[in-house]
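Working through the structure, step by step
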Amino acid sequence: MDDGGIESNKFKTICVFCGSNPGNRQVFSDAAVDLGAQMVERKINLVYGGGSVGLMGSISRKVFEGGCHVLGVIPRALMPLEISGPTVGEVRVVPDMHERKAVMAKESDAFIALPGGYGTMEETLEMITWYQLGIHTKPIGLLNVDGYYDTLLALFDNGVKEGFIKPAARGIVVSAPTAKELLTKMEQQIQFSDHIAPHESWK
């Protein structure tokens with residue numbers, strides 16, 4: 001790995017939620033590769049869902065080839081569906097989805113969601129909820145490739161407008177159209193402090 005890369009002081013490992021599908025347009029795969037490149041440049045390790053196909057495969061290969069550590073966490077039942085061909089880095093097989101998310105959260109300093117389907121959104125929303133509850137205090141970002149997450153962000157804004165999300169809590173998740181912009185935003189993000197329960201009470 002090139003020692004001339006940008007050293008990130010805030011994040012040593014980032015969990016990236018993304019799909020086992022590539023999406024219908026090349027822009028999504030390109031974004032996964034670009035995020036991987038930005039992580040390598042900053043010497044940030046990757047935790048992800050363990051698949052070798054779709055956006056999972058794209059980012060894991062880029063980070064691994066760049067010399068950073070890759071940890072894939074996958075439930076045993078999903079191995080035939082999400083692994084096609086050789087995987088890279090360390091693969092940790094877990095019994096179920098609950099354990100998968102717990103391991104991914106524990107092993108990471110921050111979370112980024114690439115475009116994805118129900119699973120990607122569910123994992124991301126759970127991490128947002130956990131932050132609001134005070135279970136963790138790790139930054140969360142949406143890589144809003146070509147406006148993919150515009151409607152989800154609008155839903156969050158509507159939740160604030162209608163009184164279901166506190167205005168301060170809207171700042172838990174940040175977004176940007178490119179990986180470089182998103183990582184910079186996340187590194188500069190001011191920590192949300194209005195947790196529903198103290199972090200210590202969850203331990």
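Residues numbered from 1 in each chain as written. Predicted model: local features only at pLDDT ≥ 70, side-chain atom pairs only at ≥ 80, totals over all residues. Heavy atoms only, no water.

Under the annotation held in an unreviewed UniProt entry, the chain carries the name Cytokinin riboside 5'-monophosphate phosphoribohydrolase and is attributed to Papaver somniferum. Recorded in UniProt for the chain, the comment headed Sequence similarities (unreviewed entry) runs: "Belongs to the LOG family." Turning to the chain, the UniProt annotation filed under Function (unreviewed entry) states: "Cytokinin-activating enzyme working in the direct activation pathway. Phosphoribohydrolase that converts inactive cytokinin nucleotides to the biologically active free-base forms." (UniProt positions renumbered as here; feature names shortened; annotations may be inferred.)

Looking at the sheet that holds strand β1 (residues 13-17)
In space, the seven strands of this open sheet follow the order β4-β3-β2-β1-β5-β6-β7, with parallel pairing throughout. Strand pairing shows two members of the sheet lacking a second neighbour, β4 (90-94) and β7 (173-176), which therefore form its edges. The mean angle between the axes of side-by-side strands here comes to 25°, regardless of whether they run parallel or antiparallel. Bridge count for β1 against strand β5 (residues 110-113) is four bridges, and the pairing is parallel. When the bridges of β5 are listed, C15 appears paired with F111. Each of β1, β2 (45-48), β5 and β6 (140-143) touches helix α1 (residues 26-41); the most contacted strand, β1, lies at about 175° to it. Contacts between helix α7 (residues 179-188) and the sheet are confined to β1, β5, β6 and β7, with β7 contributing the most and set at about 150° to the helix. (Pairing = 2+ DSSP bridges. Helix = DSSP H or I, 4+ residues; strand = E, 2+ residues; numbered from the N terminus. Axes fitted to C-alpha atoms, helices over the stretch in contact; angles between N-to-C directions. Contact = heavy atoms within 4.5 Å.)

Description of the packing of α1 against α7
The contact between α1 and α7 brings their axes to 9 Å, and the two run at 50°. When the interaxial angle is binned, α1 and α7 end up oblique. For the pair formed by α1 and α7, the contact residues are D34, L35 and Q38 on the first element and A179, K180 and L183 on the second. Here the contact of α1 with α7 is composed, by residue class, of three nonpolar, one polar and two charged. (Parallel < 35°, antiparallel > 145°, perpendicular 65-115°, else oblique. Nonpolar A, V, L, I, M, F, W, Y, C, P; charged D, E, K, R; others polar.)

Things to note about the pairing of β2
In terms of strand pairing, β1 meets β2 through three bridges, oriented parallel. Bridging from a neighbouring strand, I14 pairs with L46 of β2. Two strands pair when backbone bridges link them, and β2 and strand β3 (residues 70-75) are joined in this way by three bridges, in the parallel orientation. The residue bridging V47 from the neighbouring strand is L71, located in β3. With respect to chirality, the unit in which β2 leads through helix α2 (residues 54-65) into the neighbouring parallel β3 is right-handed. (Right-handed = clockwise from strand over helix to strand, strands pointing away.)

Quick look at the packing of aromatic side chains
Inspection of the entire model under this criterion finds three aromatic pairs. Centroid distance F17 to F111: 5.9 Å. Interplanar angle 5°. Geometry classified as stacked. Linking F17 in strand β1 with F111 in strand β5, this pair joins segments that are 94 residues apart in sequence. Judged by centre distance (5.8 Å) and plane angle (75°), the ring pair of F28 and Y148 falls under edge-to-face. With F28 in helix α1 and Y148 in the loop between β6 and α6 (150-161), the pair connects residues that are 120 residues apart, well separated along the chain. Of the residues examined, F28 reaches a relative accessible area of 9% and is grouped as buried. An aromatic cluster is present here, built from F28, Y148 and Y149 joined pairwise through their rings. (Phe/Tyr/Trp six-rings, centres within 6.5 Å; stacked < 30°, edge-to-face > 60°. Buried < 20%, exposed > 50% of the residue type's maximum accessible area, 1.4 Å probe, protein only.)

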